[in-house]
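# Working through the structure, step by step
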Amino acid sequence: MAQQRVIKELQKLKKDELRDLALANQAQFTNELPQGIGEKFELIELRAGKYKYYRLVPKEKFAGTYIVYLYGNGLSGYITPEHWKFIVQMAVDTGCGVYIPYYPLAPEHSCQETFSMLRQMYNDATRSFDVDRVVLMGDSSGAGLALSLAILAWKDGMRKPDQLILFSPVLDTEFFDRAIEQTILRSMDKETRFFYSFEAKEYINTYWVRDYVARTEYTSPYYEDYTDLCDDVVVFSGNKDLFAIYASSFCKKAKSQGVNTRYFEFEGETHNFMIYSETENQKNAYAYLKDILCDTYQHSLRRLYPLKLLSDWTKRYPEIISDAWASKFIYDHQFKFDGPWTDISEYQNLIMAGSQAALDEKVRRYINQFPNCTVVHFGCRLSSMFRRLDNGRIHWYSVDVHNIMSVRRSMYGEQAREKTISRAVYDFSWVDAIQCQRNKGIIFVCDDTLSYYKKYQVHTLLDMIWKRFPGAELVMTAGTNGVKFFANKHSANNLNSQRKLLVSVNDADKLFNDWRTDFHVLSEEPVSKYIGTQKGVKLRTKIGLWYNKITYNHKIIHVKLGGEAYDVSV
């Protein structure tokens, strides 16, 4: 594969040598369509001026959505077999039609010619009678073209895309932002699939940008205004992508301008992993993509299972916990959950329901005491806790990784007084993103999140919270050494089968006082306290609940971090 072959050698080439290489590669292009494509699709070759583009329409289960796909290949290469494989599979799995333009390439053609063709193609494609929904999609440099085309569509008065989906976007061919360019240069040791060099930059400027220098809507859409760009923007990136800084910065900027933006970032993945990788991350990312295109959650079921449990508890244990919203959400979508992670015993069900009820009760009491307080739920996953506890005045922060928060925003939308922070818990910088009136009270809450980090990491995090918010309170769940041992031993049957418990708490007073003498444990209680007496449960469950009552093996811990008092007044 061209992108995998030889990055180090490419970096040595001069501008004109890159030109000769690009022309040689283009001359070898044979445009071999995937075998058997005519069996699954109606394939039509169309023209925009002298340039061709294809339209693929699934013969079965066509959903009325068309994707305009702009492949990335350095603005100098045609579509690759890997692109075709990805596009065909996506069309089959989602029932979407696809437009694939063979746009003019550097070095013989400039961006002026490229967009002249793309604008005509896009206008013709989106005016077809059977187009219910339009998705503009692109990867790498093609993602930059897709963003530019969306901007130009708005400026030209053409139909704007219903959705814009970008994979590993390269959004600035002129590299105006020198700080970002320096970040890229410092990150080059992380990259294995793409190259950047000053000669490559000169090649693009000389042969593709040409007379359109500083016309950013064509060459560097990163600097444009995104207001009214599109109803929904989705970006996929890897955290080791050389150009990841553009992906994350673009999403922040678009969100700040009121664009509904979802950002998926995958650990350890490099540039264009969606097209060229076959990793577990790529499979997960592709599952998210199918959900986005089909407007479902079917491939996010594992993430949604805690809501399914909450719905079940509402029916079976309403005296412990009740959540009408979760019940309605699960009922409306008629999800079918299966897999080893759904095999949960009666005892586990009650402990989990009791843990959630205990967290709710602790936070509810705090809100009653401080009605204008701030609640920070870190490691929140897809929890609907804010909906259950909102008093109409509190300020709430939900914190979790980009991928979780992207699914969360599609479920809940933007909620008044709830802010979302897309960062991993171990990226402690999220603490600095909390803005609140300290004297109104602040409480941090987490389910089992801290149990999956090393003890020194938990200590570091709590120390940071104490320094920034002295007097803050923390409510968390924890287990003893025995719980950690058996949970890890049987992790294949747990909801979090890929993770191991690292922290256990046998004695909360000792643990927190060892960390700081002004960390005060306000309470350490067994979960069974919040379950009450359950009739009709199995003998094994009764014994487990009794054991929990005397050993506190599953517990709720409530801690005050420092001694500062808060203003109780409304």
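The coordinates are above.
Residues numbered from 1 in each chain as written. Predicted model: local features only at pLDDT ≥ 70, side-chain atom pairs only at ≥ 80, totals over all residues. Heavy atoms only, no water.

### Digging into the overall build of the protein chain
- For the protein chain, the helix and strand inventory stands at 22 helices and 15 strands.
- Relative to the 2.2 N^0.38 estimate, which gives 25 Å for 570 residues, the radius of gyration of the protein chain is 27 Å and therefore close to what a compact globule would have.
- Along the first, second and third principal axes, the C-alpha set of the protein chain runs to 80 × 50 × 45 Å.
- Going through the 570 residues of the protein chain one by one, you find that 58% of them count as buried.
- Sequence separation of at least 24 residues holds for 76% of the intrachain contacts in the protein chain that already meet a minimum separation of 6. (Helix = DSSP H or I, 4+ residues; strand = E, 2+ residues; numbered from the N terminus. Rg over C-alpha atoms; globule rule 2.2 N^0.38 Å. Buried < 20%, exposed > 50% of the residue type's maximum accessible area, 1.4 Å probe, protein only. Contact = heavy atoms within 4.5 Å.)

### Some words on the sheet that holds strand S2 (residues 51-58)
- With respect to topology, eight strands assemble into an open sheet ordered S1-S2-S4-S3-S5-S6-S7-S8, the strand pairing being mixed. Two strands in the sheet have a free side with no partner beyond their single neighbour: strand S1 (41-48) and strand S8 (261-266). Averaged over all neighbouring strand pairs, the angle between strand axes comes to 15°, with direction disregarded.
- Along the sheet, helix H6 (residues 111-126) contacts S1, S2, strand S3 (65-70), strand S4 (97-101) and strand S5 (133-139); its crossing angle with S2, the most-contacted strand, is approximately 30°. (Pairing = 2+ DSSP bridges. Axes fitted to C-alpha atoms, helices over the stretch in contact; angles between N-to-C directions.)

### With respect to the pairing of strand S14 (residues 519-526)
- Where burial is concerned, most of S14 is hidden: six out of the eight residues are buried.
- Of the pairings in the sheet, the one linking S14 to strand S15 (residues 554-561) comprises seven bridges and is antiparallel in character. Within S15, the position partnered with serine 523 by the bridge is histidine 558.

### A closer look at the packing of helix H14 (residues 301-316) against helix H15 (residues 324-333)
- Following both chains from N to C, one finds H14 and H15 inclined at 115°, their axes separated by 8 Å at the closest point. By the angle class used here, H14 and H15 are roughly perpendicular. With respect to the hand of their crossing, H14 and H15 are arranged in left-handed fashion. From H14, Leu304, Leu307, Lys308, Leu310, Ser311 and Thr314 reach across to H15, where they touch Trp325, Ala326, Ser327, Phe329 and Ile330. (Parallel < 35°, antiparallel > 145°, perpendicular 65-115°, else oblique. Left-handed = near helix turned anticlockwise from the far one by under 90°.)

### Let's talk about the sheet that holds strand S9 (residues 374-378)
- Strand order in the open sheet formed by seven strands is S11-S10-S9-S12-S13-S15-S14, with mixed pairing between adjacent strands. Sheet topology places strand S11 (418-422) and S14 at the edges, where each strand pairs with a single neighbour. Neighbouring strand axes in the sheet, compared pairwise and without regard to direction, differ in orientation by 20° on average.
- Where strand S12 (residues 442-446) meets strand S13 (residues 472-479), four bridges bridge the pair, whose relative direction is parallel. Residue pairing in the sheet places phenylalanine 444 in a bridge with leucine 474 of S13.
- Strands in contact with helix H18 (residues 402-412) are strand S10 (395-400) and S11; relative to S11, the strand with the most contacts, it is inclined by about 145°.

### Observations regarding the packing of aromatic side chains
- Going through the model one piece at a time under the given rule, you end up with 42 aromatic pairs.
- Seen from their ring centres, phenylalanine 266 and phenylalanine 273 are 5.6 Å apart, and the 55° between their planes marks the pair as tilted.
- Given the relative accessible area of 3%, phenylalanine 266 is considered buried.
- A relative accessible area of 0% places phenylalanine 273 in the buried class.
- Put simply, the rings of Tyr69, Phe86, Phe167, Phe236, Phe264, Phe266, Phe273, Tyr286 and Tyr288 pair up and form one aromatic cluster.
- The ring of tyrosine 222 is capped by lysine 253, whose NZ or CZ atom sits 5.8 Å from the centre of that ring.
- The positively charged end of arginine 516 is found above the aromatic ring belonging to tryptophan 466, 3.5 Å away from the centroid. (Phe/Tyr/Trp six-rings, centres within 6.5 Å; stacked < 30°, edge-to-face > 60°. Lys NZ or Arg CZ within 6 Å of the ring centre and 35° of its normal.)

### Quick notes on the packing of H14 against helix H16 (residues 346-369)
- Across the interface, H14 lies against H16 with an axial gap of 11 Å and an inter-helix angle of 95°. The orientation of H14 relative to H16 falls into the category roughly perpendicular. Of the residues in H16, those touching H14 at Leu309, Trp313 and Arg316 are Asn349, Met352, Ala353 and Gln356.
- When the residues that make up the contact of H14 with H16 are grouped by side-chain class, the tally is four nonpolar, two polar and one charged. (Nonpolar A, V, L, I, M, F, W, Y, C, P; charged D, E, K, R; others polar.)

### Description of the pairing of S13
- Most of S13 sits inside the fold, with eight of its eight residues counted as buried.
- Covered by surrounding structure in S13 are Ala472, Leu474, Met476 and Ala478 together with Glu473, Val475, Thr477 and Gly479, the residues of both alternating faces.
- In terms of handedness, the path from S12 via helix H19 (residues 455-468) over to S13 forms a crossover that is right-handed.
- As paired elements, S13 and S15 share eight bridges and run antiparallel to each other. Along S15, the bridge assignment pairs alanine 478 with lysine 555. (Right-handed = clockwise from strand over helix to strand, strands pointing away.)

### Topic: H15
- Among the residues making up H15, those that are buried are Ala326, Ser327, Phe329 and Ile330. Projected down its long axis, H15 carries its buried residues within an arc of 165°, all on one side. The exposed residues of H15 that point more than 90 degrees off its buried face are Ala324, Lys328 and Tyr331.
- Here the buried face of H15 lies against H14 and H18.
- The N-capping residue of H15, defined by a side-chain oxygen 3.1 Å from the backbone nitrogen of tryptophan 325, is aspartate 323.
- Looking one or two places after H15, you find glutamine 334, whose phi comes out positive at around 50°. (Arc of directions from axis to C-beta. Polar contact = N/O pair within 3.5 Å; in protein donor to acceptor, adjacent residues only side chain to side chain.)

### Points about unusual backbone geometry
- Omega for the peptide link from alanine 106 to proline 107 comes to 10°, which places this bond in the cis form.
- Tracing the sequence through the fold places proline 107 in the loop between S4 and H6.
- Phi angles above zero are rare outside glycine, and tyrosine 552 is one such case at about 55°.
- With respect to the element layout, tyrosine 552 can be found in the loop between helix H22 (539-551) and S15.

### Section: the environment of threonine 342
- Mapping threonine 342 onto the fold places it in the loop between H15 and H16.
- Remark: the alpha-carbon pair of threonine 342 and arginine 302, spanning 40 residues in sequence, is separated by 8.9 Å.
- If sequence neighbours within four positions are ignored, threonine 342 has contacts with Tyr305 and Phe337.

### As for the pattern of salt bridges
- Counted by the stated rule, this structure contains 27 salt bridges.
- Across the salt bridge formed by glutamate 278 and lysine 85, the nearest N and O atoms sit 3.6 Å from each other. Taken together, the residues glutamate 278 in the loop between helix H12 (273-276) and helix H13 (280-294) and lysine 85 in helix H5 (residues 81-94) connect sequence positions 193 residues apart.
- Judged by relative accessible area, lysine 85 falls into the exposed class, the value being 57%.
- Across the salt bridge formed by lysine 160 and aspartate 231, the nearest N and O atoms sit 3.8 Å from each other. One end of the pair, lysine 160, is in the loop between helix H7 (141-156) and strand S6 (163-167); the other, aspartate 231, is in the loop between helix H10 (216-219) and strand S7 (233-238), and 71 residues separate them in sequence.
- Within this structure, Asp463, Lys467, Arg516 and Asp518 form a network of salt bridges that share partners. (Salt bridge = Lys/Arg side-chain N within 4 Å of Asp/Glu carboxyl O.)

In short, geometric facts, not functional conclusions.
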